[in-house]
Amino acid sequence: MDYYSLKMRASQQVGEGEQKYEQHISGAERIVGHDNVEAVCAAMVRRALTHSKGDPDFINVKIEKISEDDIQILDALPVTRIDVDTWQQGRDKAFELIGEAAVGIREKLPELLRETFPMRGAMLYDIATGTRLEPDHERGVRATYMDALHSSVVDSQKNHFNEAIVLATKVANAPGMVAEFCISDDPNYVTGYVASKELGYVRIMKMKEMGDENGGRIFLFDSRKAKAEDCINYLQKKKVLIKV
Ligand code: PML
């Protein structure tokens, strides 16, 4: 069977004159069979048009045919949940779980989150050298071409958890990946997670203050285990379906 990759992104022009720039509003992606392309596409456009960040000036939908032979099937990471009273406790818990690999980012986290907020992708942080490895620091590295296997859900609202478990499973399987640290950039969503093949997907129910938009993803990678280009290639190009 042939599949289709569908990607939507919506943006809004903000600022005046020379200061004008396009601000990301909403994005989504799916990998679906031929018969679901139209319905999923319509749902994506609806999602772009009803986003709380405002009306988009641009909506871009890309539809691309992909062959079943090029798709890797993975089991979703096992999910656990940690309840905490405060976001500070949530972050402490996250660092504790990641352990040694997070030492280099602990002090710098507020600064790193401010940097990841405007990025469309994630930060790829090399724990061996303490440096960022994204080829374009403003864009970051985007994990893309992934979906839940047999998902026929046509969802016009973002479901943070459903999308995150798919992404986190793909990321955890990338060459050289040690762990992922995620705090949502949605100011109204305070749950975040840490994930890796060893930890599974650990939801931490409070990772930031309500109303705070600083958030993003930090991929902790070890350049002693794999080449950065192989990791980036996997994240950005490999087609993956996740059994959830
Ligand atoms: C986001 O989509 O903004 C980040 C995902 C966080 C999901 C956390 C969860 O609910 O498990």
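A brief structural summary.

Rules behind the numbers
- Residues numbered from 1 in each chain as written.
- Predicted model: local features only at pLDDT ≥ 70, side-chain atom pairs only at ≥ 80, totals over all residues.
- Heavy atoms only, no water.
- Near = heavy atom within 4 Å.
- Polar contact = N/O pair within 3.5 Å; in protein donor to acceptor, adjacent residues only side chain to side chain.
- Areas by Shrake-Rupley, 256 points an atom, 1.4 Å probe, with all protein chains shown as cover.
- Helix = DSSP H or I, 4+ residues; strand = E, 2+ residues; numbered from the N terminus.
- Nonpolar A, V, L, I, M, F, W, Y, C, P; charged D, E, K, R; others polar.
- Buried < 20%, exposed > 50% of the residue type's maximum accessible area, 1.4 Å probe, protein only.

## Some details on the site of the ligand
At step 1: Inspection of the region around the ligand gives Lys158, His160, Phe161, Ala164, Cys182, Ser184, Tyr189, Thr191, Tyr201, Arg203 and Arg217 as its neighbouring residues.
At step 2: A distance of 2.6 Å separates an oxygen atom of the ligand from a polar side-chain atom of Ser184.
At step 3: Between the ligand and Arg203 there is a distance of 2.6 Å, counted from an oxygen atom to a side-chain nitrogen or oxygen.
At step 4: Here the ligand has 340 Å² of accessible area as a free molecule, and 96% of this is covered by the chains.
At step 5: Those elements that place two or more of their residues in the shell around the ligand are α5 (160-172) and β11 (200-204).
At step 6: Residue contributions to the shell around the ligand peak at 3 residues, all from α5.
At step 7: Residue composition of the shell around the ligand, by class: 5 nonpolar, 3 polar and 3 charged.

## Thoughts on the environment of Gln13
At step 1: If you trace the backbone, Gln13 turns up in strand β1 (residues 2-14).
At step 2: Among the residues examined, Gln13 registers a relative accessible area of 36% and is labelled partly exposed.
At step 3: Separated by 45 residues in sequence, Gln13 and Phe58 place their C-alpha atoms 8.5 Å apart.

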